Amino acid sequence: MSLSVLLSVNGVAREVALDDPRVTLLDLLRERLGLTGTKKGCDRGQCGACTVLVDGRRINSCLTLAASCDGARVLTIEGLAEEGALHPVQEAFIAHDGFQCGFCTPGQIMSAVGLILEGHAGDDPERIREGMSGNICRCGAYAGITAAILDAERRLAERNRAEAA
Amino acid sequence: MNRFDYVRPATFAEAIAAASEPGAAYLAGGTNLLDLMKGGIVRPGRLVDVSRLPGLGAIEWLADGGVRIGALVRNSDLAHDSEFARRFPAVAEALLSGASAQLRNMATVGGNLLQRTRCAHFYDVAGACNKRAPGAGCEARGGEARNAAVLGWSEHCIATHPSDFCVALVALDAVVEIAGQGGEYQVPLEDFHRLPGETPGQESVLEPGELIIAVRLPAQAASFSRHARYLKIRDRTSFAFAVASAAAALRIEQGAIAAARIALGGVAPKPWRARLAERALIGVGPDRTHFDRAAEAALADARPSGDNAFKIELARRIVARALALAAAGTPARLPALPGSPFSPVAGVLHV
Ligand SMILES: Cc1cc2nc3c(=O)[nH]c(=O)nc-3n(C[C@H](O)[C@H](O)[C@H](O)COP(=O)(O)OP(=O)(O)OC[C@H]3O[C@@H](n4cnc5c(N)ncnc54)[C@H](O)[C@@H]3O)c2cc1C
Ligand code: SF4
Ligand code: FES
Ligand code: FES
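Computed from a predicted model, the values in this text were never measured in an experiment.

Novice: Give me the site of ligand 1: which residues, what numbers.
Specialist: Taken together, 34 residues form the shell around ligand 1, and within it Y26, G30, T31, T108 and D164 of chain B come nearest. Ligand 1 sits at the junction of chains A and B, each of which supplies nearby residues. A distance of 2.9 Å is found between a nitrogen atom of ligand 1 and a backbone nitrogen or oxygen belonging to I212 of chain B. Among the elements of the structure, β2 (24-27), α7 (109-114) and β8 (211-217) of chain B are those that each provide at least two residues to the shell around ligand 1. Counting residues per element, the shell around ligand 1 draws most heavily on α7 of chain B, at four residues. Residue composition of the shell around ligand 1, by class: 15 nonpolar, 14 polar and five charged.

Take a look at the structure:
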């Protein structure tokens, strides 16, 4: 059975022919498009390493069939920086040591971008931690991650104010 | 994962026809189905992808004050719909206590109702399981029973239904709308899931090919909005299934309880409505003695199914505490840690 999926990945239109409908969005990104920034941790929805944004919402790409994403807009860690400048969430993760080994980090950052877009957590650290509970960090960098997200929210608000002015 | 055919129907009729073939399964958010397929626990020969089927994605307010939730509404969209959360706060809290933000963005209303058990032996394809293979036996008997049932179980299966959402829904008299080859019909959620008896593989009233199209909550369910909570004990503060949970909703008039709704999760093969406990509260004051008595009634028929007698006392305490929280009043804003007994004291950070 052959299927063809049309996706926008990090702003670039990609048409991928699938020889097998079993391909997940995660495997499509990593194995077919060479975008290995998105990580495979558990492959079962339990760790968040595979988090990407689909049509602006954070999801687990390991539990998503590529075929059911036909027509979708996908944003991965590779698409976050603009014209070589890191995204404020990326900058904040570096500034606050939001990682150690770095394996969970692309998923943490994409999840944080999703969380900020959702707008439910605000600047409450407890709500941020709860909203990030789908991303496990085996190195235990949680304190840095929470601090980074609080800071990124400030950076983004400043950037928006500067752009509005 | 087994090989399968993938089809994406454009209409209900096409979907139902495609899913009525033996071995076919609907695919909605995929968060449970793909997990089970990766483990080889289920092996559908055809996936009927309804995730973008038109007409199933709306939250509709009915003229009588009830609400009709399309089967494809995502768990996060429902929980964060401000009107929905205002009228049915315990349902929103239950939804937000489940899974993770990513999974809730994917998981649908219909899929949540039909998610399978988290019994460890159900997942272990090398072991015996009557749910997977009728007549094979049940490895959970005498095995790992921490998440097994203390109510409603049978000798053939002691597994629990893991949903949080369903617990709050069943407390509030939700109704499931179903479409099949014979037309459309509806069933109270309380009668939608089946007890295991001798056939634990048959988990709901659905016949092959039947599609959940919506879940409805009656207007009356909103009359509890000022006193409604969901409380869930887990092995970690967030992103874990319930060891035991309870939804509690009260209508308090002139200092006495005029109506009560109680349901339990994590302790039975289906979302468990505790009607006797509800009756025990009618006309009495909202105080600890009466809540303890209601909790006794809720667990009166409970018995351990293995090394899990602790869950009976745990569930009693959860029911009493959920009632006390409900009586104290629905918080103006959902707590930072939905459903958690460890919600922070103001100013103290939970680490
Ligand atoms: C790591 C992890 C943690 C989780 N934690 C929790 C938790 O704490 N609490 C909780 O409640 N849940 C939890 N879940 C479960 C999650 O809520 C369910 O997987 C989800 O609700 C299923 O919805 P879905 O749309 O993804 O269903 P799918 O996986 O697409 O489908 C599930 C089943 O329902 C059938 N189906 C789907 N839609 C329909 C329909 N409209 N009509 C007929 N049949 C249909 C499918 O054929 C399939 O059999 C967790 C899941 C994971 C992976
Ligand atoms: S409790 Fe039920 S699901 Fe678990 S092994 Fe026994 S039969 Fe299977
Ligand atoms: S790899 Fe997807 S959640 Fe772990
Ligand atoms: S930085 Fe190592 S797992 Fe998070």
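Novice: Any chance you could break down the packing of aromatic side chains for me, citing the residues and the numbers?
Specialist: Residue and element names in this part refer to chain B. Applying the stated criterion across every chain, the model contains three aromatic pairs over all chains. Here W61 and F88 contribute two aromatic rings whose centre-to-centre distance is 6.3 Å and whose plane-to-plane angle is 5°, an arrangement assigned as stacked. One end of the pair, W61, is in strand β4 (residues 59-61); the other, F88, is in the loop between α4 (82-87) and α5 (89-96), and 27 residues separate them in sequence. Both rings, one in F122 and one in Y123, keep their centres 5.9 Å apart while their planes meet at 85°; by these two values the pair is edge-to-face. What makes F122 buried here is its relative accessible area of 1%. Aromatic ring contacts, followed pair by pair, group W61, F84 and F88 into a single cluster.

Novice: Explain the pairing of strand β1 (residues 3-9) of chain A to me, and be specific about the residues and the numbers.
Specialist: Along a regular strand, successive side chains alternate from one face of the sheet to the other. Residues and elements named next belong to chain A. Burial of β1 is one-sided: the residues L3, V5, L7 and V9 facing one way are buried, the residues S4, L6 and S8 facing the other way are not. Where β1 and strand β2 (residues 12-18) come together, seven bridges link them in antiparallel fashion. Pairing of V9 across the sheet is with V12, part of β2. Across two bridges, β1 lies against strand β5 (residues 73-75) in parallel orientation. What sits directly across from V9, in β5, is V74.

Novice: I'd like a description of the site of ligand 2, backed by residues and values.
Specialist: Around ligand 2, a shell composed of 13 residues is seen, among which C119, C129, C138, C157 and I158 of chain B lie nearest. Taken together, the residues of the shell around ligand 2 sort by class into nine nonpolar, three polar and one charged.

Novice: Account for the interface of chain B and chain A, with residues named and values stated.
Specialist: Frequently, the measure chosen for interface size is the accessible area that the parts lose on association. Across the contact, 43 residues belong to chain B and 38 residues belong to chain A. Taking both partners together, chain B and chain A bury about 3,300 Å²; carbon and sulfur atoms supply 50% of that area. Together, Y6, K38 and Q102 of chain B form the three largest contributors to the area buried by chain B at its contact with chain A, with a combined 20%. Our count for the contact surface shared by chain B and chain A stands at five salt bridges.

Novice: Go over the domain arrangement of chain A with me, naming the residues and quoting the values.
Specialist: Residues and elements named next belong to chain A. As far as domains go, chain A holds domain 1 (3-79) and domain 2 (88-164). For domain 1 and domain 2, the distance between their C-alpha centroids amounts to 22 Å. Tallying the contact residues gives 16 residues for domain 1 and 17 residues for domain 2. For the pairing of domain 1 and domain 2, the buried interface totals around 1,200 Å² over both sides, and the portion due to carbon and sulfur atoms is 61%.

Novice: So what's going on with the sheet that holds strand β3 (residues 51-54) of chain A? Residues and values would help.
Specialist: All names here are of chain A. Spatially, the five strands line up as an open sheet ordered β2-β1-β5-β3-β4, and their pairing is mixed. With one partner strand each, in any of the chains shown, β2 and β4 (57-60) form the two edges of the open sheet. Direction aside, the axes of adjacent strands within the sheet are offset by 40° on average. Sheet strands in contact with helix α1 (residues 25-32) are β1, β2, β3, β4 and β5, and its direction is about 100° off that of β2. Strand contacts of helix α3 (residues 105-118): β3, β4 and β5, with the helix running at about 40° to β3, the strand carrying the most contacts.

Novice: Can you break down the pattern of salt bridges residue by residue, with the values?
Specialist: Residue and element names in this part refer to chain B. Per the counting criterion, the structure on display carries 37 salt bridges over all chains. Here E203 makes a salt bridge to R116, at a shortest N to O gap of 2.8 Å. You can see E203 sitting in the loop between β7 (183-188) and β8 and its partner R116 sitting in the loop between α7 and α8 (120-123), a full 87 residues away along the chain. Each member of the pair E203 and R116 is classed as buried. A salt bridge links D292 to R288; its shortest N-O distance comes to 3.3 Å. On the criterion of helical spacing, the pair formed by D292 and R288 is a turn pair, its members being four residues apart in helix α11 (residues 288-298). A relative accessible area of 34% means that D292 is categorised as partly exposed. One continuous salt-bridge network, built from bridges that share partners, spans D173, E190, R261, R273, R275 and E278.

Novice: Any chance you could break down the domain arrangement of chain B for me, citing the residues and the numbers?
Specialist: Each assigned domain of chain B is listed with its residue range as follows: domain 1 (5-52) and domain 2 (223-328). Here the C-alpha centre of domain 2 of chain B lies 36 Å away from the C-alpha centre of domain 1 of chain B.

Novice: Quick one: what's the story with the sheet that holds β8 of chain B, residue by residue and with numbers?
Specialist: Residue and element names in this part refer to chain B. Judged by pairing direction, the sheet is antiparallel, and its five strands sit side by side in the order β4-β5-β8-β6-β7 without closing on themselves. The sheet is open, and its two edges are formed by β4 and β7, each paired on a single side. Here the strands of the sheet are splayed against their neighbours by 25° on average, with no regard to which way each runs.

Novice: A description of unusual backbone geometry should follow, citing residues and the corresponding values.
Specialist: A positive phi angle, near 50°, is found at N10 of chain A, a position not held by glycine. Mapping N10 of chain A onto the fold places it in the loop between β1 and β2. Since its relative accessible area comes to 23%, N10 of chain A is described here as partly exposed. Phi angles above zero are rare outside glycine, and A99 of chain B is one such case at about 55°. For A99 of chain B, a relative accessible area of 33% gives the class partly exposed.

Novice: Summarise the packing of helix α2 (residues 88-95) of chain A against helix α5 (residues 142-164) of chain A; cite the residues concerned and give the values.
Specialist: Describing two packed helices takes the angle between their axes plus the distance from one axis to the other. All names here are of chain A. It is the contact of α2 with α5, at a shortest axis distance of 8 Å, that shows an interaxial angle of 140°. Here α5 runs oblique to α2, going by the angle between their axes. Here α2 and α5 pass one another in a crossing that is right-handed. Contacts between α2 and α5 involve P88, V89, E91, A92, F93 and A95 on the former and, on the latter, I145, A148, I149, D151, A152, R155, L156 and R159. The class makeup of the residues in the contact of α2 with α5 is ten nonpolar, no polar and four charged.

Criteria and thresholds
Residues numbered from 1 in each chain as written. Chains lettered and ligands numbered in written order. Predicted model: local features only at pLDDT ≥ 70, side-chain atom pairs only at ≥ 80, totals over all residues. Heavy atoms only, no water. Near = heavy atom within 4 Å. Polar contact = N/O pair within 3.5 Å; in protein donor to acceptor, adjacent residues only side chain to side chain. Helix = DSSP H or I, 4+ residues; strand = E, 2+ residues; numbered from the N terminus. Nonpolar A, V, L, I, M, F, W, Y, C, P; charged D, E, K, R; others polar. Phe/Tyr/Trp six-rings, centres within 6.5 Å; stacked < 30°, edge-to-face > 60°. Buried < 20%, exposed > 50% of the residue type's maximum accessible area, 1.4 Å probe, protein only. Pairing = 2+ DSSP bridges. Contact = heavy atoms within 4.5 Å. Buried area = accessible area lost by both parts, 1.4 Å probe. Salt bridge = Lys/Arg side-chain N within 4 Å of Asp/Glu carboxyl O. Domains from an automatic or database assignment. Axes fitted to C-alpha atoms, helices over the stretch in contact; angles between N-to-C directions. Parallel < 35°, antiparallel > 145°, perpendicular 65-115°, else oblique. Left-handed = near helix turned anticlockwise from the far one by under 90°.

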